[in-house]
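# A look at the structure
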Amino acid sequence: MFWRFNLMTSHIDTLLDKEGVTLQEILDEDDVLQECKAQNRRLVDFLARTEHMEELVNLVTKEPSEETDEKKRYKYPNTACELLTSDVTQITEALSESEGLMDQVYSFLQAQDMLNPLLASFFSKVMGILITRKSEMMVEFLQSKEDFVGQLLHHLGTSAIMDLLLRLITCIEAQETRNACISWLNEQQLVQKLVGMIDISQSEERHCNAAQSLCDIIRLSREQMSQMQERAEYDPLLAAIESRETVTDLLNHMFTEEKSESVIVNGLSVIQTLLEFRKIGPEGMQEQMTSLDAERLAQGVSNTLLALTPRLKDFHQLLIEPPKQNYRPMPTTLGHLDVPLGNTRLQVARLISSLLLTNTPSVNVQLAQLNCMGVLLDLMFKYSWNNFLHTQVEQCLCTILSNVTCESEPKDEQGVNPLLSQLFADLKLVDRVLQGWEDNEQQQKRPGGHRKGFMGHLTRIANTIVESADKGSNVDRIKDLLAEMPTDTTEQWVKFTGGTLLDVNKQNTVELVGSHTMNSSSEDDDPEFSNIVFPQDTAMQQAYTDYQLQQMTSNFIDQFGFNEDEFAESEERVDSQFTNRISSIDFDINAEAENQVHAASLFEQAVNERMQQYDENESEEDLWEEKEITFSSTQSDVRQQ
């Protein structure tokens, strides 16, 4: 192959031979990035020149001229960014070792006006490769800049700058350098400043990115400590976020006189992350926690609960009176929706679900006193099509029914969780399930009536009550609570669970593929084939299994393949296989017995005429040449007969 002998010349090499070639001409080449990553020495030397590096940096940090064609306005900046971040050592060193170039890159962050999002992504990517490859130098460089954290947070409304902050925390591989960087960021009050940005005085973009940054720091720091186990070192940023003081400060920003849905929702996302006590693996799957993991998580969750408990009444009030929404009554295909549920109440429902999972005595008592579950049940039946809310309410009920009563927990008269007694005695959960089911049946009977949207979750709630009364940690108390119901309710519940609910469960049971006959999807089924009986899948599977499990016997060779005499016959007669096949064909000639001999002779004569005789003394003929086929009078006679 000619390319093995270096006979193929890159067009870039040809261009570099040209005297006075410019950087723009190089950037116009489609394969410039490919050649750069392939370590084209001449190209890398050309790009690493000081004047060309300055031009590349200008392209990724300076706003392009508006006079440039819009299709090409960001073509050169994008290519320049890809070249600077191509992970070519010579280019990375040429950038990092030049103080002037580094200052030129950093000047992009010092702008006071809003950053161009696309250029910000180029800037973040360039800084990211430097942080990864030149970690120690970059930490020292950023520490030398006055108020780096303040300038970074000033532009946090731009998502690319948030990404840069996370790169600074996560992309440093050397443990000593990473610890030094995290300690420095903690000294700069990074966590406190991020919490301060979740405030009504800031834009919604800053609310979102600040909250996301805090959530990512929590998850990434916990994940690293879990991987390191006993070797994990103290993380000051994580400790700052998990402290009771920080959570209290966040709650103070959320509950001001003028409530903002953006502030509350984003603040709740941080609190939800703090309350997570699951260990998430690399593929997003939950993993088993070690005792050390549980101890560390328990400390962070406990501090969060201590700060949250005094504010539970404020969250309960949000369920009743959410922040003013910028919505008008919404027309839907199923009716007019006046005052939507809103994201605030949905996130508060998620918070209550998470709090119940902690099974904290003080939290359980306050939720019972505030009647939070009563409000959630009212919202569930009111917003019958909001399945996000229905999911949270169902999870809350299931958690209450299954939570084990703690020894130190205040209990009701029967010595169990007060929330459990409240569900059946005060909130009359069974009555509400029965009433919801009846309302759905009445609605479906009306002309054009639809099944209510919460019926799937209501079915699961009813099944959970039945299962909890049959087995579980609170089985005795639940049986007592069900027995304390009025006689009419008890009779309706028994009839419902033994009839309607049982029928619905049977309908919802997914049958196995092999348990029923598959129907044809064809629209033009032929009735002639409708009565054909095909073997069932199970029979086919059993036959195949029996075949696989059969044992090889001593006469296996005799039963399989050819016998020895068959092999001998094949060697003696080349046309034996053909002859055997022909002999198996049954010709049925409608002739009298006396004419059979005559018919056989006619057939043999016809065959002899068609067969070509090969004689080595004769000249070769083209076997595939087209020839006219002629028939003798004898053949015609045969056809006439």
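Described below are features of the structure shown in this document.

Reading guide: rules and limits
Residues numbered from 1 in each chain as written. Predicted model: local features only at pLDDT ≥ 70, side-chain atom pairs only at ≥ 80, totals over all residues. Heavy atoms only, no water. Helix = DSSP H or I, 4+ residues; strand = E, 2+ residues; numbered from the N terminus. Buried < 20%, exposed > 50% of the residue type's maximum accessible area, 1.4 Å probe, protein only. Contact = heavy atoms within 4.5 Å. Areas by Shrake-Rupley, 256 points an atom, 1.4 Å probe, with all protein chains shown as cover. Axes fitted to C-alpha atoms, helices over the stretch in contact; angles between N-to-C directions. Parallel < 35°, antiparallel > 145°, perpendicular 65-115°, else oblique. Nonpolar A, V, L, I, M, F, W, Y, C, P; charged D, E, K, R; others polar. Phe/Tyr/Trp six-rings, centres within 6.5 Å; stacked < 30°, edge-to-face > 60°. Expected span 1.5 Å × (residues − 1).

Moving on to the overall build of the chain. What the chain contains, in helices and strands, is 35 helices and four strands. Across the 641 residues in the chain, those meeting the buried criterion constitute 39%. Long-range contacts, defined here as pairs at least 24 residues apart, represent 70% of the contacts in the chain between residues at least 6 apart. As presented, the chain carries roughly 39,800 Å² of accessible surface, and 49% of it is formed by carbon and sulfur atoms.

This part covers the packing of helix α18 (residues 261-275) against helix α19 (residues 291-308). Across the interface, α18 lies against α19 with an axial gap of 8 Å and an inter-helix angle of 135 degrees. One element, α18, and the other, α19, form an angle in the oblique class. Judged by residue contacts, I271, L274 and L275 of α18 engage V301, T304, L305 and L308 from α19. Per-class residue counts for the contact of α18 with α19 are six nonpolar, one polar and no charged.

Under the defined criterion, the tally for this structure stands at eight aromatic pairs. Each ring, one from F108 and one from F123, has its centre 5.0 Å from the other, and the planes form 35 degrees; the classification is tilted. Of the two residues, F108 sits in the loop between α8 (99-106) and α9 (117-133) while F123 sits in helix α9, which places them 15 residues apart along the sequence. Across this residue pair, the class does not change: F108 and F123 are buried. With 4.9 Å between their ring centres and 70 degrees between their planes, W437 and F496 make a pair best called edge-to-face.

Helix length check: helix α12 (residues 159-170), at twelve residues, gives a terminal C-alpha distance of 17 Å against a target of 16 Å (1.5 Å per residue), a fit within 8%. Residues A160, I161, M162, L164, L165, L166, L168 and I169 constitute the buried set of α12.

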